[in-house]
Amino acid sequence: MRGRGFVAFVSVTLSIICLYYLSFTYYVYKVEWDAAVYAQGDFQKEQQYLDSVSKDTTQFLFLNYNYLDAKDRALSLGLDLKGGINVILQVSERDLLSNLADGSRDLVFLAALASADQKQQATGTADYLSLFFQAFQEQKQVYKSNVQLTSPDIFGGKFLIDQISYNSSDQEVEKVIRQKVETFISTAYDVIRSRIDRFGVSQPNIQRIERSGRILVELPGVKNVERVKKLLQSTAQLQFWEVYDPKVVLLYFQTLDKLSVGVSAQGNKTSGKADATETEGAIEKSGVEALLEKKKISKKNSAEVSATSPRSLLALLHLSNRRHENTVGWVDVRDTARVDRILNDPRAQELLPSHLRTIKFLWAIKPYESKNNFLELYAIRTDPEGKPALSGDVIISAHKSFGQFNQVVVNMQMNVEGSRIWKRVTEKNIGKSIAVVLDDLVCTAPSVNTVIPNGRSEISGNFTVQEADDLVNILNAGKLPTSARIIQAEIVGPSLGQEAIRSGLISSLIALGFVFVWMIFYYMMAGVYANFALVFNLLFIFGILISFGAVLTLPGIAGIVLTLAMAVDANILLYERVKEELYKGKVLRRAIDESYSFKGALPSIVDGQLTTFLTGIILFIFGKGPIQGFATTLIIGIFTSIFSAIWLARWFIEWHFEQCKGLSFFSRITEYFLKNFRWNFLSRRKYAYIFSLILMVVSLISLFTRGLNLGVDFVGGRTYVVHFDRSVTPEKIATDLAPIFIENGVSSPPEVKTFGGVDQVKITTKYKVDQDGSQVDEEVVKKLYMGLKLYLPAGVSLEQFKNVQDGRTVGVLSSVKVGPTVAKDITKGAFWAILFSLLGIFIYILIRFRRWQFSLGAVISLLHDSIVVLGVFSLCYGLLPFSLEIDQAFIAAILTVIGYSINDTVIVYDRIREYVYENPQRPFRQVVNQAISSTLSRTVNTSLITIFVVFVIFLFGGETIRGFMFALLVGIGFGIYSSVFVATALMYDFVKKILKKTGKDHLEKY
């Protein structure tokens, strides 16, 4: 073996580097284990321990470690292993266009926006701007209008007057708009990243999704999910408003008093009961949920509120209980909906006196005293255009501090322009109040005692420390340029993550143990060295994953184990070739040298690995989330497997050869099998055609009649995994939930399935799938809670049910939300992934074997495998005790099956090419049969190992990956069959037709 020293140097160096990176992970887990032992289940105590040692430098393994630094360089675990939240935020490009057009009311412009909305919803395309510009031209024809994009009523207004002239072409306008929108989206990305950095999440993953206004945010280990969701979506509209004198407003309220009884009574008849039945109690929000909630209308249980006795406005306002002179009322939170209805009634608007035409009523951000559940109502004065006295974007810095009475306050500094305006505003309002408003909720409304000339101000609003921290973070990070809504979300609880780790480790150890035992049984001492190479291969994979900063997920673990099982294939190919050469009478040294050359097994290894690599690249490009994690480990594993099998295992063999002068590649069973097995495969191909045709017809009939169990990835919706403290019946739960989920007067019953044990279910609902926003998410969870309350232990509140926490025994363990637009994107991406993989394989085989018959046979075989797997999923869903949903992981399984099946096919093709090269005059039928027979030992060997590995992961790998593994089991099983009886047989028949035309029975030399 040439270059033995180089192989040894690379192996040792790479091993040291990988061990170095793995040492950070080991150190972090050692510290965290010590913290867990110290805390004994107390999360706050555990966090205090980690905080106390976080910056301490410790010598460990001859190196100096710091916990915080090591944490950043340790192996990153995905949501399914660690718990946390993964969301895709959609920055509203529609709102950005509207802002750039200064809120244009032009009919063509508005119609183009509406048309773009509809097309994006229908097609799932992420390129909203292209849809808009196309729709604008179409709507001009509809309205028979000559309006141009450069019109002052559209993009030629004050915001873009320096960049767009009246003579600018549509292409120039589009270029400017795209640049502006890209700037806004980049700003949104920077703001979100800054917020997350300040939030203090370890190893966050924040990415721009190309050619769209979407931002991916993945935060492993986060426990307060609701706080994060609010923090991400908040635009943080901080404003300063002048406040009306309550005495002036009181005269208006007295005028409304008689009218209010009628309005309240009418409201009670129509929706009074609805106002009081949302939740079991007024829940005081905490953190950013309280600070940033758009509309705060908390209600008490309907039993506590009388909906039949309407009260006047003055009675609802509880003027005698008014605590502050700057408020116009002090309202029970149960009555806020009634007050809103009265004040927003058109008749109330008509009674407004002229000096109150700019009035605006806003609620306080939360009850002043939670035990009384009263909210203050403020009368805000706007300018004639409805704008505030000062906007919060003038703030350049903010920090938290404590006032003279130890209350939490937020200090802020304004820029020069803001300081100038603030001086004028405070000078004008000495002795009056100015309201500090965050997203239409009043934080505080202090009186102005003196002029503030330098822009340094203080916000005090009965904040908790967490609320003040969140507000400071938002002010310092800036505000989003437009709204950002969550269009896809995946939330996994830590308890579910720990179960995934446990099941993943068990399945991995069992699978690897089988691989090691089988290799020794089949190849004796040579198998031992193949196992050594696998151990180094595993070390290399994890080391490279950590060094690249990749995230390990449950599909990633499956990808590693599957990669190792397929990596054995390279050793098997080499060892089988050694046995063949020995069987021909060659000495061991020469047999090894020829097997490890391009005259031996190397072409088959390279071809097989390249086709699998091609599949992995397509998976990585078109996949998202778990699919990318699977593809990452697959791609890395291909490179490490080739190095380990071809060079490292060879190095071990050479070392053994020098020490012992001999090496066994045989066991008696395998030797007998090699010498005695021969079979005429092609003579049975017609029976195989009939069998395959029946399989495909049955599969297609089932697909067209029964269909597939499409998951939320492809149709949109929300899925929740809910755990109970006792066994439950899915059918009974579905029946109980059906009358609760009613949309437009029609029941929309969720789909309920057992997920794992009998005490855990997976609930999927399409309720309001077309609507986004935190309010809808909250509504769905509330309905779920109300429907499942009978199955929960007494005393479990809504907050306990929905919030992901450590040590949870009941409630929502994980949730997934996919908007319809994202679902269409995923569907489109899956289609292109499969199409491009088939096309890429066709082209590669055509180039490699220079005959279209080989390519066509292989691609038809792959289509056969894909249709059969789809057919099995169509026939069996609902009949098996585990989920057979078609989701992104299923697409990963299909592409993996394609890669595995083509690997088998290419190895047979390589052997055919080799035999044709050795003896061009030999009948092609004999060549094909011999090629199949000579590779059969390798096929059986590799297939048994792979199928057993997949089966073990299927049994012990956990419920979340069971459907994925079932698809692999079916696909790999039929892939082994199709590589011989479909791909090779069809290729033979295609070539046979060409040979008949030429009157030959043999194929020309390559």
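Residues numbered from 1 in each chain as written. Predicted model: local features only at pLDDT ≥ 70, side-chain atom pairs only at ≥ 80, totals over all residues. Heavy atoms only, no water.

**Topic: a positive patch on the surface**
The condition that has to hold: Like-charged residues within 9 Å of one another, or nonpolar side chains (Val, Leu, Ile, Met, Phe, Trp, Tyr) within 5 Å, are grouped into patches, provided each residue has over 30% relative accessible area and no salt bridge. Each accessible area is a Shrake-Rupley result for a 1.4 Å probe, and residues are judged covered by the shown protein chains and nothing else. By definition, a salt bridge exists where a carboxyl oxygen of Asp or Glu is found within 4 Å of a side-chain nitrogen of Lys or Arg. The charge count includes Lys and Arg as positive and Asp and Glu as negative, but it does not include His or the ends of the chains. To locate a charge, take NZ of a lysine, CZ of an arginine, CG of an aspartate or CD of a glutamate. Secondary structure elements are taken from DSSP: a helix is a run of H or I of four residues or more, a strand is a run of E of two residues or more, and numbering for both begins at the N terminus.
On the surface, a cluster of positive charge is contributed by Lys686, Lys993, Lys996 and Lys997. Residue contributions to the positive patch peak at three residues, all from helix H32 (residues 962-998). Following the sequence through the fold, Lys993 ends up in helix H32.

**Examining the packing of aromatic side chains**
Defined as follows: The rule is short: rings of Phe, Tyr and Trp, with Trp giving its six-membered ring, pair when the centres are within 6.5 Å, and they are stacked under 30 degrees, edge-to-face over 60, tilted in between.
As enumerated under the stated definition, the model contains 39 aromatic pairs in all. Each ring, one from Phe536 and one from Phe540, has its centre 6.2 Å from the other, and the planes form 50°; the classification is tilted. Separated by four residues within a single helix, Phe536 and Phe540 lie in helix H17 (residues 494-547), roughly one turn from each other. Between Phe724 and Tyr791, the aromatic rings sit 6.2 Å apart at their centres with planes inclined by 65°, giving edge-to-face as the arrangement. A residue pair is termed long-range when its members are at least 10 positions apart, and Phe724 in the loop between strand E19 (717-723) and helix H25 (730-737) and Tyr791 in the loop between helix H26 (774-788) and helix H27 (798-802) qualify at 67 residues.

**Remarks on the nonpolar core**
Across soluble globular proteins, nonpolar side chains show a tendency to be buried alongside one another. For clarity, the cut-off: Side-chain atoms within 4.5 Å are what join buried Ala, Val, Leu, Ile, Met, Phe, Trp, Tyr and Cys residues into a set we call a nonpolar core. The buried label applies to any residue whose accessible area, calculated with a 1.4 Å probe on protein chains only, is under 20% of its type's maximum; exposed applies above 50%, and partly exposed to all values in between. The contact rule is simple, with two residues in contact once any of their heavy atoms fall within 4.5 Å.
Residues Tyr575 and Ile912 are the most contacted members of the largest nonpolar core, which totals 131 residues. The element that contributes the greatest number of residues to this core is H32, accounting for 20 residues. Setting aside its immediate chain neighbours within four residues, Ile912 contacts Phe854, Phe924, Val927, Val928, Ala931, Thr984 and Met987. Core analysis: the next-biggest nonpolar cluster, separate from the first, contains 43 residues, Leu129, Val173, Ile177 and Tyr189 among them.

**Re helix H5 (residues 93-100)**
As a reminder, the rule being used: It is the directions from the helix axis to the C-beta atoms that the arc portrays.
Within the span of H5, buried status applies to Glu93, Leu96, Leu97 and Leu100. All buried residues of H5 project into a common sector of 100° when viewed along the axis, lining one side. Phi for Asp102, located one or two positions after H5, is positive at around 55°.

**Notes on the confidence of the model for the chain**
The predicted coordinates ought not to be read in detail in places where the model reports low pLDDT. Quick reminder of the rule: Values of pLDDT, which run from 0 to 100, indicate the predictor's confidence residue by residue.
Averaged over all residues, the pLDDT of the chain is 77; the fraction at 70 or higher stands at 80%. Put simply, helix H11 (residues 288-292) is where the chain has its lowest mean pLDDT, 35, and helix H23 (residues 685-705) is where it has its highest, 92. Confidence drops under pLDDT 50 across residues 264-310; counting only partners more than four residues distant or on other chains, this segment forms 115 contacts.

**Overview of the pattern of salt bridges**
Counted by the stated rule, this structure contains 24 salt bridges. Where Lys30 meets Asp34, a salt bridge forms, and the shortest distance between an N and an O atom there is 3.7 Å. With a gap of four residues between them, Lys30 and Asp34 both fall in helix H1 (residues 4-39), about one helical turn apart. Here Lys30 falls in the partly exposed class, since its relative accessible area comes to 40%.

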